[in-house]
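Analysis of the macromolecular model
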Amino acid sequence: VQLVESGGGLVQPGGSLRLSCAASGFTFSRYVMNWYRQAPGKERELVAGITTDGGSTNYADSVKGRFTIFRDNIKNTVYLQMNQLKPEDTAVYYCNALRKVLGIEYWGQGTQVTVSS
């Protein structure tokens, strides 16, 4: 099983980034997919989630209207489009796959996002 994040980097305030998470080794379309983040000295927090068919999404209040999560069940990839980035969005972003009914959960290794001028 692998979840491989990419797309992180350094961006100026107000800028945009798109994170990708490529999944392999499990039936991607059966898993709810989430993006979490963890800033230095803070707990990991849920940023966004999307249902198996992509029909429903949820967001942390702090990113609503700025971030969009979407998935491609053919490419086995989930994305996080991040617009209007703020310095407080700086964190390591983690991809998470969850199949709650079976109690199975997978994590990626994380990708660093730094928002700074």
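Everything here concerns the structure above.
Residues numbered from 1 in each chain as written. Predicted model: local features only at pLDDT ≥ 70, side-chain atom pairs only at ≥ 80, totals over all residues. Heavy atoms only, no water.

**Brief notes about the packing of aromatic side chains**
Under the defined criterion, the tally for this structure stands at 5 aromatic pairs. On the basis of an interplanar angle of 45° and a centroid distance of 5.0 Å, the ring pair of Phe-26 and Tyr-106 is categorised as tilted. Taken together, the positions of Phe-26 in the loop between strand S3 (17-24) and strand S4 (32-38) and Tyr-106 in strand S10 (residues 104-107) put the pair 80 residues apart, joining distant regions of the chain. A relative accessible area of 13% places Phe-26 in the buried class. Classification of Tyr-106 by relative accessible area gives partly exposed; the value is 22%. Members of the aromatic cluster, each reached through a chain of ring pairs, are Phe-26, Tyr-31 and Tyr-106. Here the basic side chain of Arg-44 rests over the ring of Trp-107, its NZ or CZ set 4.6 Å away from the ring centre. Positioned over the ring face of Phe-28 is Arg-71, at 4.4 Å from the centre of the ring. (Phe/Tyr/Trp six-rings, centres within 6.5 Å; stacked < 30°, edge-to-face > 60°. Helix = DSSP H or I, 4+ residues; strand = E, 2+ residues; numbered from the N terminus. Buried < 20%, exposed > 50% of the residue type's maximum accessible area, 1.4 Å probe, protein only. Lys NZ or Arg CZ within 6 Å of the ring centre and 35° of its normal.)

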